[in-house]
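Topology and contacts: notes
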Amino acid sequence: MVRYRAPRGMEDILPPRSKTMRRLEEIARELLALYGYDEIILPVMEQAELYLRSIGEETDIVQKEMFILEDRAGRKLALRPEATAGVARAFVEHGMDRGGLPVKLFYVGPMFRHERPQAGRYRQFHQLGVELIGPASPEADAETILLALHILKRADIPVELRLNTVGDASCRPSYLRELLGFLRKRGEQLCGECQRRIERNPLRVLDCKEPRCREILKEAPLIHDSLCAECRAHWEELLDVLRQQGVEPLIDPLLVRGLDYYTRTVFELVSPNLGAQNAVAAGGRYDYLIEEMGGKRTPAVGFSLGMERALLLMGDRDDIREGVYVVAQSETARRQALNLAMELRKRGLRAEVDVMRRSLKAQMREADRRNFQYAVILGEEELAGGYLTLKDMAEGVQRTTSWDGLLSGNFEAME
RNA sequence: GUGGGGGUAGCUCAGUUGGCAGAGCACAGGGUUGUGGCCCCUGUGGUCGCGGGUUCGAGUCCCGUCCCUCACCCCA
């Protein structure tokens, strides 16, 4: 009987999954270096108000999904539901613009949302995210999208790019008025949830999945018809740059993201193999967030990638045969086996010895099961004769060798 | 928060009309005194999610509860 369980929605990531997760992270880190991003390591908690201000008070994340706790002084802290707000806060707090723009940052780590767990959705999950702070250009949007695509491609995860624009402060308000007018007129026919959303967050009505809502929304005014000249130009240039890079986005005029801070570009990288939670990575532009955090008006764009979701689409790689398992037959041999293993390790080789005090046969089995390339046998005969037996575990052949020969890396001359 | 499907060995799952709790895999030991994989034998391992009820008897029927899972909502 199990006495304790991991908290609901919080998963233990065991080997070999943990290895695969590390592999994904390494792939990303490698590319991030090539694109010129440096890591920022943030606290996993922030003052709760930070999220109200940045993500939006009416969003579900803030309304019902935050883990909130009080410190001893009575300050309300929230476990971070996402990291962009924290990056923006740190950027402002440390005056990071003083070293010149752009500032290119990435982060990796756990996020927390108190939701009902589901496939690809956890209460603690890991995101790897990128923030490109400073540029207002569509090329910047394109670069972050291309980077996200690049990472996923390297990880062998096929995705589709869904793209939209949500306008900015100069065109969104008038569009919202227009949309609101439409929704109020047709509100009766919408689902109950949408009727509530009309007043609280009308944009969200757009991506309702109810068939009858979708039907009505076909006639809804689209932001694309209301974009200001700047937003339109930005949008078209972005499409242009992406296409030039061989990326054909799926333009989804109804794509709206759940965070209030987005302006202009929003995107999702979705996989058809994920079930309902199909976004592996998502992001967008947030030109006012830094200012909202008390900094100078600084445009920025970024995305975050759900590691668990990516992991769902990655297989665990088979371990390749590697290293030396030192098999010892007698008690005295065990001491020497440990010595040999230590010497091999000092030379940078994977080397292990039996610590379960098991039989030679069991040690051989272990060497095989743990995918060692070689077993070195230190038995009675070897001790007496002052030599070692080296066995190639894949080929099944063995020969004698000397301690020195082994340490000098002389594995190759096997028959 | 709402709905569907599930909780039996470490894992994947059988378990007939209520009648002694099983298989495969994994793990451990062995198969003529040192040698892994294939094969064979043996073994370890279950308060059948938890609590109550019905019954001579409950994994099985009833009630409650917790958890997992999928979907809605929302999102990475």
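Residues numbered from 1 in each chain as written. Chains lettered and ligands numbered in written order. Predicted model: local features only at pLDDT ≥ 70, side-chain atom pairs only at ≥ 80, totals over all residues. Heavy atoms only, no water.

**Details of the pattern of salt bridges**
Tallied over the entire structure, the rule returns 32 salt bridges. A salt bridge links Glu291 to Arg297; the nearest nitrogen and oxygen atoms lie 2.7 Å apart. The salt bridge partner of Arg370 is Glu352, with a shortest N-O separation of 2.9 Å. Of the two residues, Arg370 is situated in the loop between helix H13 (360-369) and strand S14 (374-378) and Glu352 in strand S13 (residues 351-353); the sequence distance between them amounts to 18 residues. When salt bridges with common partners are traced through the structure, they connect Arg350, Glu352, Glu366, Arg369 and Arg370 into a single cluster. (Salt bridge = Lys/Arg side-chain N within 4 Å of Asp/Glu carboxyl O. Helix = DSSP H or I, 4+ residues; strand = E, 2+ residues; numbered from the N terminus.)

**Side note on the side chain of Thr298**
Relative to the helices and strands, Thr298 is located in the loop between helix H10 (289-292) and strand S11 (300-306). Overall, the relative accessible area of 4% leaves Thr298 in the buried class. In terms of polar contacts, Thr298 uses its side chain to reach the backbone carbonyl oxygen of Lys296, at 2.8 Å. Apart from the residues lying within four places of it in its own chain, the contact partners of Thr298 are Phe91, Leu101, Ile133, Gly134, Tyr286, Asp287 and Ile290. (Buried < 20%, exposed > 50% of the residue type's maximum accessible area, 1.4 Å probe, protein only. Polar contact = N/O pair within 3.5 Å; in protein donor to acceptor, adjacent residues only side chain to side chain. Contact = heavy atoms within 4.5 Å.)

**Points about the pairing of strand S5 (residues 103-112)**
Burial analysis of S5 places seven of its 10 residues in the buried class, the great majority of the element. As paired elements, strand S1 (residues 38-39) and S5 share two bridges and run parallel to each other. When the bridges of S5 are listed, Glu39 appears paired with Phe106. One ladder, built from 10 bridges, connects S5 with strand S6 (residues 124-133); its direction is antiparallel. (Pairing = 2+ DSSP bridges.)

**So, the packing of helix H1 (residues 17-35) against helix H5 (residues 138-154)**
The axes of two packed helices give the description: the angle between them and the distance between them. As a packed pair, H1 and H5 sit with axes 9 Å apart at the nearest point and diverge in direction by 145 degrees. As H1 packs across H5, the resulting crossing turns out to be right-handed. Here H1 contributes Ile27, Ala28, Glu30, Leu31, Leu32 and Tyr35 to the contact with H5, which in turn contributes Glu143, Leu146, Leu147, His150, Ile151 and Arg154. Within the contact of H1 with H5, the residues separate by chemical class into eight nonpolar, one polar and three charged. (Axes fitted to C-alpha atoms, helices over the stretch in contact; angles between N-to-C directions. Left-handed = near helix turned anticlockwise from the far one by under 90°. Nonpolar A, V, L, I, M, F, W, Y, C, P; charged D, E, K, R; others polar.)

**Considering the side chain of Arg123**
Structurally, Arg123 is set in the loop between S5 and S6. The buried charged residue Arg123 lacks any salt bridge partner; its closest oppositely charged side chain belongs to Glu115, at an N-O distance of 8.0 Å. A distance of 2.7 Å separates a polar side-chain atom of Arg123 from the backbone oxygen of Glu115. Apart from residues lying up to four places away in sequence, Arg123 is in contact with Arg8, Gly9, Met10, Phe67, Met111, Phe112, Arg113, His114, Glu115, Arg116 and Pro117. (Lys, Arg positive; Asp, Glu negative; His and termini not counted.)

**Notes on helix H6 (residues 172-186)**
The end-to-end C-alpha distance of H6, which contains 15 residues, comes to 21 Å, matching closely the 21 Å that a straight helix rising 1.5 Å per residue would cover. Of the residues making up H6, those classed as buried are Arg172, Tyr175, Leu179, Leu180, Phe182, Leu183 and Arg186. Buried residues of H6 fall within an arc of 165 degrees about the axis and therefore sit on the same side. Projecting away from the buried face of H6 at angles above 90 degrees are the exposed residues Arg177, Arg184 and Lys185. (Expected span 1.5 Å × (residues − 1). Arc of directions from axis to C-beta.)

**Notes on the confidence of the model for chain A**
Looking at chain A as a whole, its pLDDT mean stands at 90, while 97% of the residues score no less than 70. Mean pLDDT in chain A bottoms out at helix H3 (residues 60-64), which sits at 71, and peaks at S1, which reaches 98. Here the prediction assigns the complex a pTM of 0.91, and the interface score ipTM is 0.86. (pLDDT = per-residue confidence, 0-100.)

**Re the sheet that holds strand S8 (residues 250-251)**
Pairing within the open sheet is mixed, and its eight strands lie in the order S1-S5-S6-S11-S10-S9-S7-S8. Where the open sheet ends on each side, the last strands, each with one partner, are S1 and S8. Seen against the sheet, H1 touches S1, S5 and S6 and runs at an angle of roughly 165 degrees to S5.

**Considering the nonpolar core**
Grouped together as the largest cluster of nonpolar side chains are 43 residues, with contacts concentrated most on Leu32, Ile145, Leu147, Leu163, Leu242, Leu269 and Phe303. Examining the composition of this core, we find that nine residues originate from one element, H5, more than from any other. The next biggest cluster of nonpolar side chains, apart from the first, holds 34 residues, and it includes Ile40, Ile55, Met66 and Ala88. (Core = buried A, V, L, I, M, F, W, Y, C linked by side-chain atoms within 4.5 Å.)

**Some points on the environment of Ala48**
The residue Ala48 is located in helix H2 (residues 48-55) in this model. According to the relative accessible area criterion, Ala48 is buried, its value standing at 5%. When residues no more than four places from it in sequence are discounted, the contact partners of Ala48 are Met66, Ile68, Lys76, Leu77 and Ala78.

**Here we look at the packing of aromatic side chains**
Counted under the stated rule, the structure contains three aromatic pairs. Taken together, Tyr261, Tyr262 and Tyr286 form an aromatic cluster joined through their ring pairs. Cation over ring: Lys104 sits above Tyr37, and NZ or CZ is 5.1 Å from the ring centre. For the cation-ring pair, Arg350 lies above Phe372, with the distance from its terminal atom to the ring centre recorded as 3.6 Å. (Phe/Tyr/Trp six-rings, centres within 6.5 Å; stacked < 30°, edge-to-face > 60°. Lys NZ or Arg CZ within 6 Å of the ring centre and 35° of its normal.)

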